[in-house]
Amino acid sequence: MFGMEAHTMFFVKAIAFLLLLMTLGELTTRCYCWAATGFLLWGVMTSVGLSSDDAVAAIAALLFVRALPMLYKRALTLAATYPLALILPIAKHILPKYTITEEN
């Protein structure tokens, strides 16, 4: 197999992974809406004349473009919190401990 047919399973795995990343932590109706939109797009594209493999590749590309801002936000959050996770175990031994009573 050559062309898109050879990569269809990669595109299906990419779609599943991106849907998981986009709805991670907030499994609301958004997940169902994305899945329904994907099935609807697939139905429209295959009825227009695209093959099933080409429709899956187009849906994966659209989903990747839609997931870029969310992936950027998660990467930015990880980049902001990961250095703190490395430094805090060391800093807690260096920084002095303060106890504040109710009278103060």
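Residues numbered from 1 in each chain as written. Predicted model: local features only at pLDDT ≥ 70, side-chain atom pairs only at ≥ 80, totals over all residues. Heavy atoms only, no water.

Just give me the short version of the overall build of the protein, but keep the residues and values in it.
A tally of helices and strands in the protein yields 3 helices and 0 strands. In sequence order, the secondary structure elements of the protein are arranged as α-α-α. The buried share of the protein, taken over its 104 residues, is 20%. Once local pairs closer than 6 in sequence are excluded, the contacts in the protein between residues at least 24 apart make up 63%. (Helix = DSSP H or I, 4+ residues; strand = E, 2+ residues; numbered from the N terminus. Buried < 20%, exposed > 50% of the residue type's maximum accessible area, 1.4 Å probe, protein only. Contact = heavy atoms within 4.5 Å.)

An account of helix α1 (residues 8-23) is requested, with residue identities and associated values reported.
Taking 1.5 Å per residue as the helical rise, α1 with its 16 residues ought to reach 22 Å, and the 23 Å between its terminal C-alpha atoms agrees with that figure. Turning to α1, its buried residues number three or more, namely Thr 8, Phe 11, Ile 15, Leu 18, Leu 19, Leu 21, Met 22 and Thr 23. (Expected span 1.5 Å × (residues − 1).)

Break down the confidence of the model for the protein for me, with residues and values.
On average, residues of the protein score 79 in pLDDT, and 88% of them reach the 70 mark or higher. Element-level mean pLDDT values for the protein span from 77 in α1 up to 83 in helix α3 (residues 52-94). (pLDDT = per-residue confidence, 0-100.)

Please set out the packing of α1 against α3 residue by residue, giving values where relevant.
Relative orientation of the contacting elements α1 and α3 amounts to 30°, with a least axis distance of 9 Å. What the angle tells us is that α1 and α3 run roughly parallel. Between α1 and α3 lies a crossing whose hand is left-handed. Contact with α1, carried on its side by Thr 8, Phe 11, Val 12, Ile 15, Leu 18, Leu 19, Leu 21 and Met 22, involves Asp 53, Val 56, Ala 57, Ile 59, Ala 60, Leu 63, Phe 64, Arg 66, Ala 67, Met 70, Leu 71 and Arg 74 of α3 and no other residues of that element. Here the residues of the contact of α1 with α3 sort into 16 nonpolar, 1 polar and 3 charged. (Axes fitted to C-alpha atoms, helices over the stretch in contact; angles between N-to-C directions. Parallel < 35°, antiparallel > 145°, perpendicular 65-115°, else oblique. Left-handed = near helix turned anticlockwise from the far one by under 90°. Nonpolar A, V, L, I, M, F, W, Y, C, P; charged D, E, K, R; others polar.)

Talk me through the layout of surface pockets; I want residue IDs and the actual numbers.
Rolled over the atoms, a probe as big as a water molecule pinpoints where empty space is left. Put simply, the largest pocket is a space of about 340 Å³. Considering the residues around the largest pocket, the lining is formed by 16 residues, among which Ile 15, Trp 34, Gly 38, Phe 39 and Ile 59 are closest to the centre. Elements that contribute at least two residues to the lining of the largest pocket include exactly α1, α2 (29-48) and α3. Here the lining of the largest pocket takes 7 residues from α2, the largest share from any one element. Classifying every residue of the lining of the largest pocket by side-chain character gives 13 nonpolar, 2 polar and 1 charged. (1 Å grid on protein atoms, 1.4 Å probe; cavity = no way out; pocket = protein on both sides within 12 Å on 5 of 7 lines; lining within 4 Å. Points joined across faces, edges and corners; volume = space filled by probe spheres on them.)

With reference to specific residues and values, describe the nonpolar core.
With 14 residues, the main nonpolar core has Phe 11, Ile 15, Met 22 and Leu 63 as its most contacted residues. Listed by contribution, the elements that provide at least two residues to this core are α1 and α3. When residues of this core are assigned to their parent elements, the largest contribution, 8 residues, is made by α3. (Core = buried A, V, L, I, M, F, W, Y, C linked by side-chain atoms within 4.5 Å.)

Please provide a residue-by-residue account of α3, values included.
The terminal C-alpha atoms of α3 lie 61 Å apart, and with 43 residues this matches the ideal 63 Å at 1.5 Å per residue to within 8%. At Leu 88, α3 shows its strongest bend, of approximately 40°, with the proline Pro 89 following within four residues. Within α3, the full set of buried residues consists of Asp 53, Ala 55, Val 56, Ala 57, Ile 59, Ala 60, Leu 63, Ala 67, Met 70 and Ala 91. (Bend = angle between axes of the 7 residues up to and from the residue.)

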